[in-house]
Amino acid sequence: MSGLQLTSPYFGAFVILFLATCSFSLITYLSSRIGKKLANSNTQRLKLSVYECGPQAVKQPNKINIHFFLYGILFILFDVEVIFMYPWAVDFKLLGVFGLIEMLLFVTLLLIGFIYAWRKGVFEWQSIK
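Analysis parameters
- Residues numbered from 1 in each chain as written.
- Predicted model: local features only at pLDDT ≥ 70, side-chain atom pairs only at ≥ 80, totals over all residues.
- Heavy atoms only, no water.
- Helix = DSSP H or I, 4+ residues; strand = E, 2+ residues; numbered from the N terminus.
- Buried < 20%, exposed > 50% of the residue type's maximum accessible area, 1.4 Å probe, protein only.
- Contact = heavy atoms within 4.5 Å.
- Areas by Shrake-Rupley, 256 points an atom, 1.4 Å probe, with all protein chains shown as cover.
- Patch = residues over 30% accessible without salt bridge, like charges linked within 9 Å, V, L, I, M, F, W, Y side chains within 5 Å.
- Salt bridge = Lys/Arg side-chain N within 4 Å of Asp/Glu carboxyl O.
- Axes fitted to C-alpha atoms, helices over the stretch in contact; angles between N-to-C directions.
- Parallel < 35°, antiparallel > 145°, perpendicular 65-115°, else oblique.
- Nonpolar A, V, L, I, M, F, W, Y, C, P; charged D, E, K, R; others polar.

Peer 1: Even after reading the chapter, I still don't get the overall build of the protein chain, so can you show me in this structure?
Peer 2: For the protein chain, the helix and strand inventory stands at 4 helices and 0 strands. The helix and strand sequence of the protein chain, counted from the amino end, reads α-α-α-α. For the protein chain, with 129 residues in total, the buried portion stands at 8%. Taking the intrachain contacts of the protein chain between residues at least 6 apart in sequence as the baseline, contacts between residues at least 24 apart amount to 66%. Carbon together with sulfur atoms contributes 70% to the accessible area of the protein chain, which is approximately 12,500 Å² in total.

Peer 1: Explain a nonpolar patch on the surface to me, please; I cannot follow it from the model alone.
Peer 2: Together, Leu26, Tyr29, Leu30, Ile34 and Leu38 make up a nonpolar patch on the protein surface, roughly 540 Å² of accessible area in all. One can find leucine 38 in helix H1 (residues 11–38). Residue leucine 38 is classed as exposed on the basis of its relative accessible area, which comes to 71%.

Peer 1: Looking at this structure, how should I read the packing of helix H3 (residues 66–90) against helix H4 (residues 92–119)?
Peer 2: The description of two helices packed together rests on the angle between their axes and the distance between the axes. The N-to-C vectors of H3 and H4 enclose an angle of 170°; their axes lie 10 Å apart at closest approach. One way to sum up the angle between H3 and H4 is to call them roughly antiparallel. Counted together, Leu74, Leu77, Phe78, Glu81, Phe84, Met85, Trp88, Ala89 and Val90 of H3 and Phe92, Leu95, Gly99, Leu100, Met103, Phe106, Val107, Leu110, Phe114 and Ala117 of H4 form the full contact between these two elements. A per-class count over the contact of H3 with H4 returns 17 nonpolar, 1 polar and 1 charged.

What follows is the structure, given as structure tokens:
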């Protein structure tokens, strides 16, 4: 044990990883310090100004209908159904009757969810009044 063993094949990779970590940390530290020195310290006027052009925005309650959200969720549900049906259709002959039964079970479960949403009135559009 007269010295450090530098014969490992991974020693060079560890040195590069260490140097990359040190240089990343140094660049991050220096850029944050330089940014703080060069930044405008009087930002109060900038924060109070209007960002977009046009009339001054007034506060009003958000009146987005919940049906937009429900339609989006149902779209994602049936979109994912199609994504799962594509590989099944590609390997239909390989899967045989078992694959057909599994897909019929899958479509039945999705149909039950669709009927449940229909009975809950998700597809009936109501006005916001």
